[in-house]
Amino acid sequence: MNSTRLFVLGSLARGGPMHGHQIRRAAQIDRTELWADVKPGSLYGALHRLEAEGVITALRTEQEGNRPARTIYEITAKGRAELMAQRDEALRHSRLRPDPVDLGLQFTEGLSVEDLQAMVAERRLAYAAELASWRRLHTQSDPYLTPMEQMTFRHSLLRLETEVAWHDELLAKMPSLVPHDDETDENTKEMP
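Residues numbered from 1 in each chain as written. Predicted model: local features only at pLDDT ≥ 70, side-chain atom pairs only at ≥ 80, totals over all residues. Heavy atoms only, no water.

K.L.:
Just give me the short version of the sheet that holds strand S1 (residues 18–19), but keep the residues and values in it.
P.N.:
Strand order in the open sheet made by the three strands is S1-S3-S2, with antiparallel pairing throughout. Either end of the sheet is taken by a strand with one partner, and the two such strands are S1 and strand S2 (56–62). Where S2 and strand S3 (residues 70–75) come together, six bridges link them in antiparallel fashion. Bridge pairing in S3 places Arg60 opposite Ile72. Packing against the sheet, helix H1 (residues 3–15) makes contact with S1, S2 and S3, and its axis sits at approximately 85 degrees to S3. (Pairing = 2+ DSSP bridges. Helix = DSSP H or I, 4+ residues; strand = E, 2+ residues; numbered from the N terminus. Contact = heavy atoms within 4.5 Å. Axes fitted to C-alpha atoms, helices over the stretch in contact; angles between N-to-C directions.)

This is how it looks when you write it as structure tokens:
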């Protein structure tokens, strides 16, 4: 599943023929890069690739005043089939990726409890700041959200709340999780 592909095809299917700037603007207004792996700057390249594949087609080129000429694209029948395939894959499959912090925590030997706590606390603060930002954004946009957009916001908020809670739990348990120097020496002796 390709998020940019899904976004472009979905935008054209929902909004009808558009030029790249309109699709990019929709991504910026929706703040798509926050909740999906879609970067507004990557949309123009995606349009060219999708056209080459025949899932979208260029209808015409328009120019208003001194603005650059813009190509208007529309989704094709092949593109609608691709949209359904991309959408169905996104809805059916979990794309939960392992967090590298879990691997990093397995190799903390030689790191003091204080240094490890500082690193985890810094990471926790970053998640808490992102959560606060999402909450502000949700408050501002709440009156304009559809019920489905409300649920996607809720999903993002719950994920961030869970990260903050996990970091709090890790910090609280940290002293008992990190072996002391004498425990590390004993564990090393026991290994073959």
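K.L.:
How would you explain helix H5 (residues 77–92) if you had to name every residue and give the values?
P.N.:
With 16 residues, H5 extends 23 Å between its outermost C-alpha atoms, agreeing within 8% with the 22 Å of an ideal straight helix rising 1.5 Å per residue. Within the sequence span of H5, burial applies to Gly79, Leu83 and Gln86. An end-on view of H5 places all buried positions within 70 degrees of arc, on one side of the element. Projecting away from the buried face of H5 at angles above 90 degrees are the exposed residues Ala77, Lys78, Leu91 and Arg92. For H5, the elements touching its buried residues are H1 and S3. (Expected span 1.5 Å × (residues − 1). Buried < 20%, exposed > 50% of the residue type's maximum accessible area, 1.4 Å probe, protein only. Arc of directions from axis to C-beta.)

K.L.:
Talk me through the nonpolar core; I want residue IDs and the actual numbers.
P.N.:
Val8, Leu12, Ile23, Leu43 and Ile56 are the most contacted members of the largest nonpolar core, which totals 16 residues. Of all the secondary-structure elements, those providing two or more residues to this core are H1, helix H2 (20–30), helix H4 (43–53) and S3. The greatest single-element share of this core, amounting to four residues, is contributed by H1. When sequence neighbours within four positions are dropped, the list of residues in contact with Val8 reads Ile23, Leu43, Leu47 and Leu50. In this structure, Trp134, Leu145, Leu157 and Val164 belong to the second largest nonpolar core, which totals nine residues. (Core = buried A, V, L, I, M, F, W, Y, C linked by side-chain atoms within 4.5 Å.)

K.L.:
Before we move on, could you go through the packing of aromatic side chains and cite the residues and values that matter?
P.N.:
Inspection of the entire model under this criterion finds one aromatic pair. Relative to Phe153, the ring of Trp134 has its centre 5.2 Å away and its plane inclined at 75 degrees; by these criteria the two rings are edge-to-face. Note that Trp134 is positioned in helix H7 (residues 113–141) and Phe153 in helix H8 (residues 147–177), a separation of 19 residues in sequence. Note on Phe153: relative accessible area 10%, which makes it buried. (Phe/Tyr/Trp six-rings, centres within 6.5 Å; stacked < 30°, edge-to-face > 60°.)

K.L.:
Which residues make up the pattern of salt bridges, and what values go with them?
P.N.:
All chains considered together, the criterion is met by seven salt bridges. Residue Arg5 pairs with Glu53 through a salt bridge whose shortest N-O separation is 2.4 Å. Taken together, the positions of Arg5 in helix H1 and Glu53 in helix H4 put the pair 48 residues apart, joining distant regions of the chain. For Arg5, a relative accessible area of 16% puts it in the buried group. The partner of Glu169 in a salt bridge is Lys173, with the nearest N and O atoms 3.2 Å apart. Taken together, the residues span about one helical turn, with Glu169 and Lys173 both in helix H8 at a distance of four residues. (Salt bridge = Lys/Arg side-chain N within 4 Å of Asp/Glu carboxyl O.)

K.L.:
Break down the pairing of S3 for me, with residues and values.
P.N.:
Here S1 runs beside S3; their pairing, made up of two bridges, is antiparallel. Paired with Met18 across the bridge in S3 is Tyr73.

K.L.:
Tell me about the packing of H1 against H4, and please be specific about residues and values.
P.N.:
Their axes nearest at 10 Å, the elements H1 and H4 cross at an angle of 75 degrees. Relative to H4, the element H1 is oriented roughly perpendicular. Contact with H1, carried on its side by Thr4, Arg5, Phe7 and Val8, involves Leu43, Ala46, Leu47, Leu50 and Glu53 of H4 and no other residues of that element. Partitioned by chemical class, the residues of the contact of H1 with H4 number six nonpolar, one polar and two charged. (Parallel < 35°, antiparallel > 145°, perpendicular 65-115°, else oblique. Nonpolar A, V, L, I, M, F, W, Y, C, P; charged D, E, K, R; others polar.)

K.L.:
So what about the environment of Val113? Which residues, and what values?
P.N.:
Within the secondary structure layout, Val113 lies in helix H7. Separated by 63 residues in sequence, Val113 and Ser176 place their C-alpha atoms 9.8 Å apart. Those residues in contact with Val113 that sit more than four places away from it in its chain are Met174 and Val178.

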